[in-house]
Amino acid sequence: MRRTSAFFALVAALLLVSACSRSPRVTFYTLTPVAAAGAVQQNFSSAVAVGPVTIPELVNRPQLVVRLAPNRVDVLESHRWAEPLKNEIPRLLAQDLSPLLGSSRVFAYDQVSAAAAQYRVLVDIVRLDTVPGDSVTIEAGWVVRGAGNGRREGRAVIREKVAGSDYEAVAAAFSRALAGLSAEVAKSVRSEAAGAK
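Residues numbered from 1 in each chain as written. Predicted model: local features only at pLDDT ≥ 70, side-chain atom pairs only at ≥ 80, totals over all residues. Heavy atoms only, no water.

Overview of helix H2 (residues 85–101)
Next up, step 1: Taking 1.5 Å per residue as the helical rise, H2 with its 17 residues ought to reach 24 Å, and the 24 Å between its terminal C-alpha atoms agrees with that figure.
Next up, step 2: The element H2 is extensively covered by neighbouring structure, given that 12 of its 17 residues are classed as buried.
Next up, step 3: The set of residues buried in H2 consists of Leu85, Glu88, Ile89, Pro90, Leu92, Leu93, Ala94, Asp96, Leu97, Ser98, Leu100 and Leu101.
Next up, step 4: Where H2 ends, the next residue or the one after it, Gly102, has phi of about 70°, a positive value. (Helix = DSSP H or I, 4+ residues; strand = E, 2+ residues; numbered from the N terminus. Expected span 1.5 Å × (residues − 1). Buried < 20%, exposed > 50% of the residue type's maximum accessible area, 1.4 Å probe, protein only.)

So, in structure tokens, the structure goes:
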């Protein structure tokens, strides 16, 4: 009887240790380009390089960071970006800009040398707030550099509602907010191109 009790106690202890040693399941998220309502026919022939893009150190990590209060955030260990945002955001902006400019020659900075591009877009994201179940807010400034000393600056605050309570809805809202930023940047690129003529 004593042996049986000791055996069951040992089995229970082993099960408890194995349950505690398992790490929680991690879910990975990506950003996706958003079909642009203002897309135009192919008519912008100049190459555009997007980047570098700077982001706040607070969100420059694999984990999703959500705001809980004005001075409090939560870093979600089990909800992560599939790739670093500093790499994914320039690529996404380029994909969103391409139909807005009507050009197939829009690239993330790491995909084309700056010397080969007639226009270069530098983006500084100064705020990237995520409130689950509510909204995603991006505040950014940018500079469009054209031929010679051509230069056009812009700034925008883009807020997108989160349509759902899960983190997939957060990633979708984030993608829409970046599409809104791309629409503003596209206006600056077109203005700089028009001014250079």
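Remarks on the packing of aromatic side chains
Next up, step 1: The full count for this structure, using the stated rule, is two aromatic pairs.
Next up, step 2: Consider the rings of Trp81 and Phe174, whose centres lie 5.3 Å apart with planes at 70°: the pair is edge-to-face. Within this pair, whereas Trp81 is found in strand S4 (residues 72–81), its partner Phe174 is found in helix H3 (residues 167–196), the two being separated by 93 residues in sequence. (Phe/Tyr/Trp six-rings, centres within 6.5 Å; stacked < 30°, edge-to-face > 60°.)

Side note on the side chain of Glu192
Next up, step 1: Along the chain, the position of Glu192 falls in helix H3.
Next up, step 2: Looking at Glu192, its side chain comes within polar contact range of the main-chain nitrogen of Arg151, at 3.5 Å.
Next up, step 3: For Glu192, the contacting residues outside a window of four places in its chain are Tyr119, Val144, Gly146, Gly150, Arg151 and Arg152. (Polar contact = N/O pair within 3.5 Å; in protein donor to acceptor, adjacent residues only side chain to side chain. Contact = heavy atoms within 4.5 Å.)

A few points about the environment of Glu77
Next up, step 1: Within the secondary structure, Glu77 sits in strand S4.
Next up, step 2: Its relative accessible area of 46% is what places Glu77 among the partly exposed residues.
Next up, step 3: Considered as a pair, Glu77 and Thr27 are 50 residues apart in the sequence and their alpha carbons are 9.4 Å apart.
Next up, step 4: Discounting chain neighbours no more than four positions away, the residues touching Glu77 are Val26 and Gln63.
Next up, step 5: Within the structure, Glu77 has its side chain in polar contact with the side chain of Gln63 (distance 3.2 Å).

Regarding the pattern of salt bridges
Next up, step 1: A complete count under the given rule lists 12 salt bridges for this structure.
Next up, step 2: One salt bridge in this structure joins Lys161 and Asp134, with 3.4 Å as the shortest N-O distance. Of the two residues, Lys161 sits in strand S8 (residues 151–161) while Asp134 sits in the loop between strand S6 (119–131) and strand S7 (135–145), which places them 27 residues apart along the sequence.
Next up, step 3: In this structure Asp134 comes out as partly exposed when scored by relative accessible area, which is 27%.
Next up, step 4: One salt bridge in this structure joins Glu153 and Arg151, with 3.0 Å as the shortest N-O distance.
Next up, step 5: Classification of Glu153 by relative accessible area gives exposed; the value is 56%.
Next up, step 6: By relative accessible area, Arg151 is classed as partly exposed at 44%.
Next up, step 7: Each of Arg67, Arg127, Asp129, Glu139 and Arg155 takes part in salt bridges that share partners, so that together they form one network. (Salt bridge = Lys/Arg side-chain N within 4 Å of Asp/Glu carboxyl O.)

These results come straight from atomic positions and should not be treated as a statement about function.
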